[in-house]
Structures are given as C-alpha cells and as structure tokens.
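# Coordinates in review
For reference, the chains in residue letters:
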Amino acid sequence: MHQVIRNLVDRYPELENCSVDLQTAFEAMRACFASGGKLLVCGNGGSAADSEHLVGELMKGFASPRPVSSQLRRSLVEAHPEDGAYLADHLQGALPAIALNSHTALGTATANDVAADMVFAQQVHGYGRHGDVLLGISTSGNSLNVVRAAQVARVTGLKVVGLTGAGGGRLAELCDVCVRVPFDSVSEVQERHLPVYHALSLMLEQEFFPEGDTAGGAASGARVES
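Residues numbered from 1 in each chain as written. Predicted model: local features only at pLDDT ≥ 70, side-chain atom pairs only at ≥ 80, totals over all residues. Heavy atoms only, no water.

On to the environment of Gly61. By the element assignment, Gly61 lies in the loop between helix H3 (46-59) and helix H4 (70-79). Here the alpha-carbon distance between Gly61 and Ala94, two residues 33 residues apart in the chain, equals 7.6 Å. With near-sequence residues (within four places) excluded, Gly61 lies in contact with Arg66, Gln92 and Glu205. (Helix = DSSP H or I, 4+ residues; strand = E, 2+ residues; numbered from the N terminus. Contact = heavy atoms within 4.5 Å.)

What follows is the structure in structure tokens.
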C-alpha cells in the first residue's frame, strides 16, 4: 500500500475500507499517464467543482516542483531568445486531464439540442481514446449524465474509475474500480471525496515529478510535456 494512502487512513480512519480500491485507482491512472493517455473527469454540482479541483492539481504543480526538461528549456531559449528562459522558468510539468463539466457552450448545446444526460457521454466519445481513464464523481452513483459517460467509456476502451458514496449506485456497476466512501449524505460524502482525490494527486505527482528532478521528472513513457 502506498505511503500516501497509509497517511490518509491515519487522518481519516473511516476511509480504511477504501484503501485497496484507492490503490487500484491510482495504478490505473499511473498506467494511463505512463502510456501517454489522459484523464477525463466529470460530475455535477459540488462534484463538478471537485472535477475542476482535481484537474487543477494535475495540470500544474501541486505539492512539489515540476521543472520542465532541459531539452524543452533549450528549445524555448533557442526559439525565443528574449523570453525563452522566462517561459521555461514559469512552465510546470502537467498530467493531461480535462474536466468535462467545464465546457459551458458545448454542454448547454448538447443538453438543448440532444439530451441533458448526454453532455458528458458526447465528450467521452469525442475526447476518449483507448487507454484513457474516465473518473466519474457522483455522491449517489446515480447521476445519469455520469452513468451515460461511463457506458460510452466502457465500450470505447477507457478504464472507468468511480468516486461515490457508500452505495455506489449504477455507476459502481460500470467501473473497473469504484472508491466508495462510507457515507450516504451528500455533505459527508463530499467532505471525504476531497482528501481522496488529493491523495491521488499527491501519489501521481510523486510518481511523475520526483521533487528536485530537473531532467523531466517523468516515469518512462509518460507524455507530460512536449
């Protein structure tokens, strides 16, 4: 078991029963990023905010420095002598992740022109590629637009990870792994979702961006920068 998960359980003992599934979810995401894939995340309401929060932790530095590779630094300086060093100093390594609820125009167009429950499924169809991971966040596990996204992901070669409350709902049946925090009320579930996806963010950052690694910081095969 990853030390970050042990630390999480020390702080939140009620999450001990989630530890094996959390480890499995981490391994699925690690394999995805290591092979050049991306993470698609979706949810509604507070879970939409959680989706964007998680993407923010993955797409830039979270707890550790993420310096760009020396190769990219050289390329930037050669292409832009006046600004290259600035660009290299201010870019951070990224793990490619997209919050599907963030695309207001596309989402409202799909809801209005097609069907509201297809807003995430349409994006999984458009963005998803074999080997990517879909993370569906739903306190009940029954959010229909998240379920529809998982249904499409299952038949297009994506791994499906769920983050739900105790029941898991319909989403759990579609997941390769579902992290079900042991609560039923929306507020209590959401309160535990945050430390869970922070743990995932921290583990992934440690994997791909070891602190102080200025040679790129990525595990073999990961496409974390150009």
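Before going further, it helps to examine the sheet that holds strand E3 (residues 133-137). Read across the sheet, five strands follow the order E2-E1-E3-E4-E5 without closing on themselves; strand pairing throughout is parallel. Taken across any chain shown, the strands that pair with only one partner, and hence form the sheet edges, are strand E2 (97-99) and strand E5 (177-180). Strand after strand, the sheet turns through a mean of 15° between neighbouring axes, direction not considered. Examined bridge by bridge, E3 and strand E4 (residues 159-164) share five bridges and lie parallel to one another. For Gly136, the partnering residue across the bridge sits in E4 and is Gly162. Against the sheet, helix H2 (residues 19-34) makes contact with strand E1 (39-42), E3, E4 and E5, and its axis sits at roughly 135° relative to E5, the strand it touches most. Here helix H10 (residues 186-208) sits on the sheet and contacts E3, E4 and E5; the angle it forms with E4, its principal contact strand, is near 135°. (Pairing = 2+ DSSP bridges. Axes fitted to C-alpha atoms, helices over the stretch in contact; angles between N-to-C directions.)

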